[in-house]
Amino acid sequence: MSILRCPVCSTDLSRTERSYACSNNHSFDIARQGYVNLLLSSQRASRSPGDSAEMIADRRAFLEAGFYDPLRARIIACLNELQTALERPQRILDLGCGEGYYTAAFADPARAVYALDISKPALAIAARRNTAITWCVGTSKALPFHDASLDVVLNIFCRPHARETQRVLQPNGRLLLVGPGPGHLNALREVLYEQVNDDESHTLAQLQAEGFTLTHSEPLSITLELSGAAIGHLARMTPHYWRAPAAGRAKLDELLMLPVQAEFVLHELSIA
Ligand SMILES: C[S@@+](CC[C@H](N)C(=O)[O-])C[C@H]1O[C@@H](n2cnc3c(N)ncnc32)[C@H](O)[C@@H]1O
Ligand SMILES: [Zn+2]
């Protein structure tokens, strides 16, 4: 049995050269860039859900400049620690994988790596990074994976759906949740908004209320000295720029230098 299941009828999906198909003849073509679209039109709230091509291009430019390399290294270290408890290849889903900067870095022959995002433009450039990864367009709310088929679900700046994540994780599996810590990008937000609100802290409490147990937590802080184009790349890869008033965006567009702290928190949660 494969790990993927058909989004229409939930039976096994197997791969042929150019498509994935189930025994009930539901078939999903592999795009020329290398991803498969498993998002049904009934699962889309808009014609082009998820991050736009523009946000994805800015995120690619920012991440490729190396500013978040320490975060990527820490995530890989966490995955390696979880791998030591297993006596077989680790099965990982990178949920909300974006343009694949983190995903491609932990793909190795000792792992089965799946990456899913609701944004087609994200997958179109992510899938070119590594053909050994299974890249899918899909939604966190209805994952195209069998029950208990994954060892790790990794959510980096993407809100998980508690019930679906619990369903696809094996009993000893872990949700690895990476998100903003207190004060994340405050200096950037102070330029964009008149008043800065912390709005992310409820994600962990909500997951705990929905049956997850916190097994490990750690903060990570990166000092960034941004100048030139990197300021705009960072601003436009976050929702903040797009939500900010025109006056805030104009101030940001004129900045030449921006010292800013990136504050992250990594949480490991079990489903038991
Ligand atoms: C802030 S980005 C993070 C991307 C990547 N993890 C990173 O840190 O570079 C959030 C991503 O989640 C995706 N996304 C939003 N809603 C989603 C959903 N319901 N299912 C899957 N992906 C979703 C967006 O398209 C976007 O690529
Ligand atoms: Zn089917």
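Cut-offs used in this document
- Residues numbered from 1 in each chain as written.
- Chains lettered and ligands numbered in written order.
- Predicted model: local features only at pLDDT ≥ 70, side-chain atom pairs only at ≥ 80, totals over all residues.
- Heavy atoms only, no water.
- Helix = DSSP H or I, 4+ residues; strand = E, 2+ residues; numbered from the N terminus.
- Buried < 20%, exposed > 50% of the residue type's maximum accessible area, 1.4 Å probe, protein only.
- Polar contact = N/O pair within 3.5 Å; in protein donor to acceptor, adjacent residues only side chain to side chain.
- Contact = heavy atoms within 4.5 Å.
- Donors = N, O, S within 2.8 Å, 3.2 Å for Na, K, Ca; no water.
- Tetrahedral: all angles 85-135°; square planar, octahedral: opposite > 155°, others 65-115°.
- Pairing = 2+ DSSP bridges.
- Axes fitted to C-alpha atoms, helices over the stretch in contact; angles between N-to-C directions.
- Core = buried A, V, L, I, M, F, W, Y, C linked by side-chain atoms within 4.5 Å.
- Near = heavy atom within 4 Å.
- Areas by Shrake-Rupley, 256 points an atom, 1.4 Å probe, with all protein chains shown as cover.
- Nonpolar A, V, L, I, M, F, W, Y, C, P; charged D, E, K, R; others polar.
- Parallel < 35°, antiparallel > 145°, perpendicular 65-115°, else oblique.
- Left-handed = near helix turned anticlockwise from the far one by under 90°.
- Right-handed = clockwise from strand over helix to strand, strands pointing away.
- Disulfide = S-S within 2.5 Å.

Draft legend 1. The arrangement of the side chain of Gln 170 in detail. Looking at where Gln 170 falls in the secondary structure, it is placed in strand 9 (residues 169-180). Owing to a relative accessible area of 11%, Gln 170 belongs among the buried residues under this scheme. Within the structure, the side chain of Gln 170 is placed 2.7 Å from the backbone nitrogen of Asn 172, a separation counted as a polar contact. For Gln 170, the contacting residues outside a window of four places in its chain are Leu 86, Arg 88, Arg 91, Ala 148, Leu 150, Asp 151 and Ile 271.

Draft legend 2. Spotlight on the coordination of the zinc ion (ligand 2). Coordination of the zinc ion (ligand 2) by the protein involves Cys 6 (SG), Cys 9 (SG), Cys 22 (SG) and His 26 (ND1), with metal-donor separations of 2.1 to 2.3 Å. Here the zinc ion (ligand 2) is ringed by four donor atoms whose angles at the metal span 99 to 116 degrees, and the overall shape comes out tetrahedral. In terms of primary sequence, the donors binding the zinc ion (ligand 2) are separated according to C-x2-C-x12-C-x3-H. Taken together, the residues span a long stretch of sequence, with Cys 6 in the segment before strand 1 (14-15) and Cys 22 in the loop between strand 2 (19-21) and strand 3 (27-29) at a distance of 16 residues. For Cys 6, a relative accessible area of 1% puts it in the buried group.

Draft legend 3. Layout of the sheet that holds strand 7 (residues 134-137). Across the sheet, eight strands lie side by side as 4-7-6-5-8-9-11-10; this open sheet has mixed pairing. The two strands at the open ends of the sheet, each matched to only one other strand, are strand 4 (35-37) and strand 10 (213-227). Neighbour to neighbour, the strand axes of the sheet diverge by 20 degrees on average, direction disregarded. In this structure, strand 5 (residues 90-95) lies alongside strand 6 (residues 111-117), joined through six bridges in parallel fashion. The partner of Arg 91 across the bridge, within strand 6, is Ala 112.

Draft legend 4. Highlighting the nonpolar core. Among the nonpolar cores identified, the biggest contains 52 residues, and Tyr 68, Leu 71, Ile 75, Tyr 102, Trp 135, Leu 226 and Leu 234 are the most heavily contacted of them. For Leu 71, the contacting residues outside a window of four places in its chain are Tyr 102, Val 178, Leu 220, Ile 222, Phe 264 and Leu 266.

Draft legend 5. Inspection of the site of ligand 1 at higher detail. In the vicinity of ligand 1, 17 residues are found, and the nearest of them are Asp 51, Gly 96, Asp 117, Ser 140 and Ile 156. Within the contact set of ligand 1, an oxygen atom lies 3.0 Å away from a backbone nitrogen or oxygen of Asp 51. Residue Ser 140 places a main-chain N or O atom 3.0 Å away from a nitrogen atom belonging to ligand 1. Protein coverage of the free-state accessible area of ligand 1, which is 600 Å², stands at 84%. In terms of residue class, the shell around ligand 1 is made up of seven nonpolar, seven polar and three charged.

Draft legend 6. Quick look at the packing of helix 1 (residues 53-64) against helix 8 (residues 229-237). Close contact between helix 1 and helix 8 brings their axes to 8 Å; oriented N to C, the two are set at 130 degrees. By the criterion of interaxial angle, the relationship of helix 1 to helix 8 is oblique. Crossing of helix 1 against helix 8: the hand is left-handed. Note on element contacts: helix 8 touches helix 1 through Ala 230, His 233, Leu 234, Arg 236 and Met 237, opposite Met 55, Asp 58, Arg 59, Ala 61 and Phe 62. Residue composition of the contact of helix 1 with helix 8, grouped by class: six nonpolar, one polar and three charged.

Draft legend 7. Main features of the pairing of strand 5. Within strand 5, five of the six residues are buried, leaving the element largely enclosed by the surrounding structure. Handedness of the crossover joining strand 5 and strand 6 through helix 3 (residues 101-106): right-handed. Sheet analysis places strand 5 next to strand 8 (residues 150-156), joined by four bridges and oriented parallel. Across the sheet, Leu 95 pairs through a bridge with Asn 155, a residue of strand 8.

Draft legend 8. View of the state of the cysteines. Counted under the stated rule, the structure contains zero disulfides. The cysteine Cys 97 is free of any disulfide, with Cys 136 supplying the nearest cysteine sulfur at 8.5 Å. The exposure class assigned to Cys 97 is buried, which follows from its relative accessible area of 5%.

Draft legend 9. A look at the environment of Ile 222. By the secondary structure assignment, Ile 222 is in strand 10. By relative accessible area, which is 8% here, Ile 222 ends up buried. The spacing of Ile 222 and His 184 is 38 residues in sequence and 9.8 Å in space, taken between C-alpha atoms. Not counting residues within four places of it along the chain, the set of residues in contact with Ile 222 comprises Phe 67, Tyr 68, Pro 70, Leu 71, Val 260, Gln 261, Ala 262 and Phe 264.

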